[in-house]
Amino acid sequence: MTASCGIAIMGGMKNAPLFFPLGSTIDDNGHLRIGGLDAVELAKEYGTPLYVFDENDIRERCREFKREFAGRYPATHIAFAGKACLNKAIAKVVASEGFGLDVVSGGELEIARSAGFPTNQIYFHGNNKSDAELEMALEYKVGRIVVDNFYELSRLDAMAARRGVKADIMFRIKPGIDPHTHAKITTGNIDSKFGFGLDDAADAVARAMKCGNLKLTGFHYHIGSQIFEIQPFLDALKTTLEFMARMKRELGFITEELDAGGGYAVQYLSGAQPPAIGEYAEAIVSLLRSECHRLGLALPKLSVEPGRATVARSAVALYTVGAIKDIPGVRCYACVDGGMADNIRPALYCSQYEPYLANRMADYADQTYTIAGRFCESGDILANDVKLPEVKPGDILVMPVSGAYSIPMSSNYNAFCRPAVVMVKDGQARIIKRRETVEDLLRTDLG
Ligand SMILES: Cc1ncc(COP(=O)(O)O)c(C=O)c1O
Ligand SMILES: N[C@@H](CCCC[NH3+])C(=O)O
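Along each chain, the written sequence defines residue order, and numbers are assigned to residues from 1. Whichever chain is written first is A, and whichever ligand is written first is 1; the rest continue in order. Note on the predicted model: pLDDT of at least 70 is required for a residue's local features to be given, and 80 or more for side-chain atom pairs to be given and counted; whole-chain, interface and lining totals, by contrast, use all residues. Side-chain figures throughout are based on the complete set of non-hydrogen atoms in the structure, without hydrogens or water.

What follows deals with the side chain of Asp395. Here a helix means four or more residues in a row that DSSP labels H or I, a strand means two or more in a row labelled E, and each is numbered from the N terminus. Here Asp395 is to be found in the loop between β17 (381-388) and β18 (396-399). Throughout this description, buried means an accessible area under 20% of the type-specific maximum (1.4 Å probe, protein chains only), exposed means over 50%, and partly exposed covers the range between. Accessibility expressed as a relative area gives 5% for Asp395, which makes it buried. For this analysis, a polar contact is any N or O atom pair within 3.5 Å, provided that within protein one partner can donate a hydrogen and the other can accept it, and provided that sequence-adjacent residues contribute only side-chain to side-chain pairs. Within polar-contact distance, the side chain of Asp395 engages the side chain of Arg360 at 2.6 Å. In what follows, residue pairs with any heavy atoms lying within 4.5 Å of each other are defined as contacts. Ignoring sequence-local partners within four residues, the contact set of Asp395 consists of Tyr319, Thr320, Val321, Leu357, Asn359, Arg360 and Glu390.

Looking now at the environment of Asn343. Here Asn343 is to be found in the loop between β14 (331-336) and α11 (345-349). Each C-alpha atom, one on Asn343 and one on Ile381, is 9.8 Å from the other, the two residues being 38 residues apart in sequence. Excluding its chain neighbours within four sequence positions, the residues that come into contact with Asn343 are Tyr51, Tyr319, Tyr353, Leu382, Met399 and Ser406.

Let us look at a positive patch on the surface. Patch definition: residues above 30% relative accessible area lacking any salt bridge, with like charges linked at up to 9 Å and the nonpolar side chains Val, Leu, Ile, Met, Phe, Trp and Tyr linked at up to 5 Å. Accessible surface is estimated by sampling points in the Shrake-Rupley manner with a 1.4 Å probe; for residues, cover comes only from the protein chains shown. Salt bridge, as applied in this entry: a Lys or Arg side-chain nitrogen positioned within 4 Å of an Asp or Glu carboxyl oxygen. Note that His is not counted, nor are the chain ends; the positive residues are Lys and Arg, and the negative ones are Asp and Glu. Charge positions are represented by NZ for Lys, CZ for Arg, CG for Asp and CD for Glu. The grouping of Lys88, Lys92, Arg430 and Lys433 at the surface amounts to a positive patch. Secondary structure elements with two or more residues in the positive patch: α3 (88-96) and β20 (428-433). By relative accessible area, which is 43% here, Arg430 ends up partly exposed.

The residues that UniProt annotates with the feature "domain: Orn/DAP/Arg decarboxylase 2 N-terminal" (unreviewed entry) are residues 56-312. Segment residues 56-312 splits into 43% helix and 14% strand. End C-alpha atoms: 13 Å apart. UniProt positions are given in the numbering used here, feature names are shortened, and annotations may be inferred rather than shown by experiment.

Time to look at the site of ligand 2. Contacts to ligand 2 come from Lys83, Ile185, Ser225, Arg308, Arg345, Tyr349, Tyr405 and Met409. In this structure, an oxygen atom belonging to ligand 2 sits 2.5 Å away from a side-chain N or O atom of Arg345. Note that a nitrogen atom of ligand 2 is positioned 2.7 Å from one of the side-chain N or O atoms of Tyr349. In isolation ligand 2 offers 310 Å² of accessible surface; the protein chains occlude 84% of this area. Here the residues of the shell around ligand 2 sort into four nonpolar, one polar and three charged. Throughout this document, a residue counts as near a molecule or strand when at least one of its heavy atoms sits within 4 Å of that molecule or strand. The classification used treats Ala, Val, Leu, Ile, Met, Phe, Trp, Tyr, Cys and Pro as nonpolar, Asp, Glu, Lys and Arg as charged, and all other residues, Gly among them, as polar.

As for its placement among the helices and strands, Ser378 is situated in the loop between β16 (367-372) and β17. Since its relative accessible area comes to 74%, Ser378 is described here as exposed. Residues Ser378 and Ala347 lie 31 residues apart in sequence; the distance between their C-alpha atoms is 9.8 Å.

Turning our eyes to something else, we now look at the UniProt feature "modified residue: N6-(pyridoxal phosphate)lysine" (unreviewed entry) in the chain. Those residues carrying the UniProt feature "modified residue: N6-(pyridoxal phosphate)lysine" (unreviewed entry) are Lys83 in this numbering. Mapping Lys83 onto the fold places it in the loop between β5 (76-81) and α3. Classification of Lys83 by relative accessible area gives partly exposed; the value is 28%. Filtering out sequence-adjacent residues up to four positions away, Lys83 remains in contact with Asp102, Val104, Glu108, Tyr405 and Pro408.

If you look at the biggest cluster of nonpolar residues, it comprises 137 residues, and the most contacted ones within it are Phe69, Phe171, Tyr264, Leu318 and Ile371. Look past the residues within four positions of Leu318 in its chain and what remains in contact with it is Ala39, Ala43, Thr48, Pro49, Leu50, Val52, Ala358, Ile396, Leu397 and Val398. Buried Ala, Val, Leu, Ile, Met, Phe, Trp, Tyr and Cys residues that are joined via side-chain atoms within 4.5 Å together make up what is termed a nonpolar core.

Right under this line is the structure:
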């Protein structure tokens, strides 16, 4: 028998395809099981659209990063980039795995704090932090404030002086590398709103060395997201190490820490497999060691900030199929009860997904459908021309690899309510974010 999209179910094994959460299976009824639970029953119990995270999968991703990076280079700080999907439950899971956290707003910082995340393990990023956010970062004594520009540097210096504290900072720099990913998620190029160009960064280092209330520990770059090639990571690292050598030579500045950001790609489609985390780690750590030796630099502390690679595969999105619209000779739309308001990625980046039917995982996928959402835009398409078994109203469509950048980028477009989020683990499920209600929407509408 063949599962949707042609993945064979081995005799008796019935593992779900690779990009479902670890340990997901297909039961005798052809239903998807995640964390030991029937996905179709979860859809019934909690309603759809529904996002289901598997805690064990998140934990295994964290352990893989620790094994592959800290195993090779013990002075590694691994931080979850919260923008990928931050809520109290996920914050607690990654904290308990010994991860740090990267936040980009006062909101993310408050979520982390309310989950009891140790603030000295939090790095505060952002290209236009408000005064209130900088004050908050100082008040909560976050581990590092990653300073993006001169305007922020001077305000932060004054704030730290007023408080009589010495804050640990890093500078975000632009190594000017093209990571060959989607233009909208490319960030380390010269024409980027993020960070200092290298000559500006050199001026900023000279200034920071005179700031009595700021301690510059080193440099951060993040060149983009969903990067399949290893070479751009190496090019960015080499450029930064050469910049560190220049700062030592010209200013006597010794870099203690290098934050290499995130960007590791995950697999969304059967045919597009990125390098394993171990391959990224091996290449980065080897180059770090050899270039530091060549340039006469002491080995710095290394930070990495995986967002997508920590949580993307840990979750699926479940939708109920409604209308089916066959336009003869053109295409057949299967419409679901969610869409661009809970997952903007296909509309924004032309991101591709491989959906399945959670209630008929083992049926032969011999029909072609375009999965349309229910929002008032023709561009509200979740997946184009995908192979599925014959789809009927009431089927439960499942989108794997939905743990990163869907829920955090969701909206209330057309006054729809954001979906519920459930965490499963070893046969137990609990709501970690309740479904929004119209009352929630009306509460902020003051008339
Ligand atoms: C500073 C920083 N670190 C880490 C990340 C996480 O990226 P990714 O989810 O691709 O690992 C981002 C987002 O692109 C970022 O801006
Ligand atoms: N939101 C993007 C990733 C951006 C990463 C943050 N700079 C995505 O869904 O792929």
